[in-house]
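Here is how the chains run, residue by residue.
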Amino acid sequence: MTRRFVVAALAVALTVLAHLGPAAAGTGSWQHVPVPDRVRPQAALNDAVAFGPDLAWAVGTDAVGREAPGFPLLLRWDGTAWQRQGVPGVGRQGELLSVAGTSPASVWAVGRDTAGGSRLLRFDGRDWRESRAPRGVVPTRAVAGGGETWLIGSREGAQALLRWDGRSWQDVPVPPGSVYGLHILSGDDVWAAGATGSGAAVSHWDGREWRQTIVDGFPRAAVGSVLAVSPTEVWAGGTAGFVGGPAGRPIPPLLVRFDGQTWSRVSLPTDFGSVTSLAPAVSGALAWVAVSRSQKWGPPGSTPPLVSGPDFLAWNGQSFTAYDEPAVAGEGDSQVLHLAPVPGTGTVWSVGRATGPENTFAPRVQRFG
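A brief report on the enclosed structure follows.

The rules behind these values
Residues numbered from 1 in each chain as written. Predicted model: local features only at pLDDT ≥ 70, side-chain atom pairs only at ≥ 80, totals over all residues. Heavy atoms only, no water. Helix = DSSP H or I, 4+ residues; strand = E, 2+ residues; numbered from the N terminus. Buried < 20%, exposed > 50% of the residue type's maximum accessible area, 1.4 Å probe, protein only. Contact = heavy atoms within 4.5 Å. Polar contact = N/O pair within 3.5 Å; in protein donor to acceptor, adjacent residues only side chain to side chain. Phe/Tyr/Trp six-rings, centres within 6.5 Å; stacked < 30°, edge-to-face > 60°. Salt bridge = Lys/Arg side-chain N within 4 Å of Asp/Glu carboxyl O. Core = buried A, V, L, I, M, F, W, Y, C linked by side-chain atoms within 4.5 Å. Pairing = 2+ DSSP bridges.

**Focus on the overall build of the chain**
Here's step 1: Looking only at helices and strands, one finds two helices and 29 strands in the chain.
Here's step 2: The buried share of the chain, taken over its 369 residues, is 47%.
Here's step 3: When contacts within the chain are restricted to residue pairs at least 6 apart in sequence, those whose partners lie at least 24 apart make up 43%.

**Considerations on the environment of Ser277**
Here's step 1: On the secondary structure map, Ser277 appears in strand 22 (residues 272–280).
Here's step 2: What makes Ser277 buried here is its relative accessible area of 3%.
Here's step 3: Considering only alpha carbons, one finds Ser277 and Ala340, 63 residues apart in sequence, at a separation of 8.9 Å.
Here's step 4: With sequence-adjacent residues up to four places away left out, Ser277 is seen in contact with Ser225, Trp288, Val289, Ala290, Leu337, His338 and Leu339.
Here's step 5: Within the local environment of Ser277, its side chain forms a polar contact with the backbone nitrogen of Leu339, the two atoms lying 3.0 Å apart.

**Brief notes about the packing of aromatic side chains**
Here's step 1: Using the criterion set out here, one finds 21 aromatic pairs in the structure.
Here's step 2: Ring centres of Trp315 and Phe320 lie 4.7 Å apart, and the angle between their planes is 50°; this geometry places the pair in the tilted category. For the residue pair Trp315 and Phe320, the accessibility class agrees, reading buried in each case.
Here's step 3: Ring pairs connect the aromatic residues Trp30, Trp288, Phe312, Tyr323 and Phe368, which therefore count as one cluster.

**Some words on the pattern of salt bridges**
Here's step 1: Enumeration according to the criterion identifies 13 salt bridges in this entry.
Here's step 2: A salt bridge links Asp127 to Arg129, with the nearest nitrogen and oxygen atoms 3.7 Å apart.
Here's step 3: Here Asp216 makes a salt bridge to Arg265, at a shortest N to O gap of 4.0 Å. A residue pair is termed long-range when its members are at least 10 positions apart, and Asp216 in strand 17 (residues 210–216) and Arg265 in strand 21 (residues 263–265) qualify at 49 residues.
Here's step 4: Where salt bridges share partners, they join Asp113, Arg119 and Glu130 into one cluster.

**Here we look at unusual backbone geometry**
Here's step 1: In the segment running from Thr303 into Pro304, the intervening peptide bond is cis, with an omega of -5°.
Here's step 2: As for its placement among the helices and strands, Pro304 is situated in the loop between strand 23 (286–297) and strand 24 (306–308).
Here's step 3: Phi at Glu156 is positive, roughly 55°, even though this residue is not glycine.
Here's step 4: For Glu156, the position within the fold is in the loop between strand 11 (148–155) and strand 12 (158–164).
Here's step 5: Residue Arg220 is not a glycine yet carries a positive backbone phi of 75°.
Here's step 6: As for its position among the elements, Arg220 is in the loop between strand 17 and strand 18 (222–230).
Here's step 7: The exposure class assigned to Arg220 is exposed, which follows from its relative accessible area of 56%.

**Comments concerning the nonpolar core**
Here's step 1: Of all hydrophobic cores here, the largest spans 17 residues; its most connected members are Leu45, Ala58, Leu75, Trp82, Trp349 and Val365.
Here's step 2: Beyond its immediate stretch of four places on either side in the chain, Val365 contacts Gln31, His32, Val33, Val35, Leu45, Trp82, Trp349, Ser350 and Val351.
Here's step 3: Counting residues in each nonpolar core, the second largest holds 16 residues, with Ala193, Val202, Val215 and Ala236 among its members.

**Description of the pairing of strand 3 (residues 55–62)**
Residues in a regular strand point their side chains to alternate faces of the sheet.
Here's step 1: Of all the eight residues making up strand 3, eight are buried; the element is thus mostly covered by neighbouring parts of the structure.
Here's step 2: Pairing analysis gives seven bridges linking strand 2 (residues 44–52) to strand 3, with the strands arranged antiparallel. Bridging across to strand 3, Ala50 finds its partner in Ala56.
Here's step 3: Adjacent in sequence and paired antiparallel, strand 2 and strand 3 are bridged by two residues.
Here's step 4: Pairing geometry for strand 3 and strand 4 (residues 71–77), over seven bridges, is antiparallel.

**Quick word on the side chain of Glu233**
Here's step 1: As for its position among the elements, Glu233 is in strand 19 (residues 233–239).
Here's step 2: Classification of Glu233 by relative accessible area gives buried; the value is 17%.
Here's step 3: Looking at Glu233, its side chain comes within polar contact range of the side chain of Arg257, at 3.4 Å.
Here's step 4: Non-local contacts of Glu233, meaning those with residues more than four positions away in its chain, are made with Leu227, Ala228, Arg257 and Phe258.

Structure below.
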């Protein structure tokens, strides 16, 4: 009877741990993962999506120089290493900005050419092919979730949102201001992060209309990432507002939380930077916050006055655990961090751009778990 109780208790404990965020489930560290040798210097990654331990996609640009605009970069994780993949339209210069998908056989990538044209690619599980963007629309980001795929873009200088209905792209009304990020739970349950002239804004789509809330009314505040855990728990991250100051003045990060009634600002263990990405745990709860260009005040009288701050913050439901990215020989800190959780696991990818030697830049891939 005692043995059965112990076995049952152990099973329950393992189940609970599997659904906790990484900080709660145990200690670990972020690891640098190399990109393929075929990726040339002056490359950068903009976005990633993972479908399992042995399948993930990352997109960006390669071979950027003073006189060379660069070429679209597409990488695939096969469970062991990142492999470079061919991009339709060989010879076109430009970059891939975003990648998202509802399944391994339905993945979309958005890009642009140096000539100013937009690119929309689709992967069917076997091949990437060019797809036609809606007439007059310049897509800048693809977002997927809840079986839905949406595009963020513009049309004749105005913001545009489009939803894929399985056969074509359909226009969706746009909330006031600008939309920078989406969290899609279903076709009639979508959260948008952005900004208006009144400050950082989060909007909710119920299938008929948007309801918008200014979550930080300070000038120039904006949010670009949003994560909806439940109707009474929604997170949004970006940069806090600021007024004046010298050129290059650091800007504080912004993280806000909705409890079903009001939005409240959440204190972070860093003073400057930008919350560029939020990632959920297996349960859907917030697990990770990425802070690009993170800095904090050094000891009084120190020179310089600012020191590096944590790059990743793991949330356990009550507090944050700070993590620094690993040092990479010949490279500096990451300037852009975008998170891509691996479904069904506690593993999460981070892709972006790091400072390279002699004021250049380099692609950066990191993994936790």
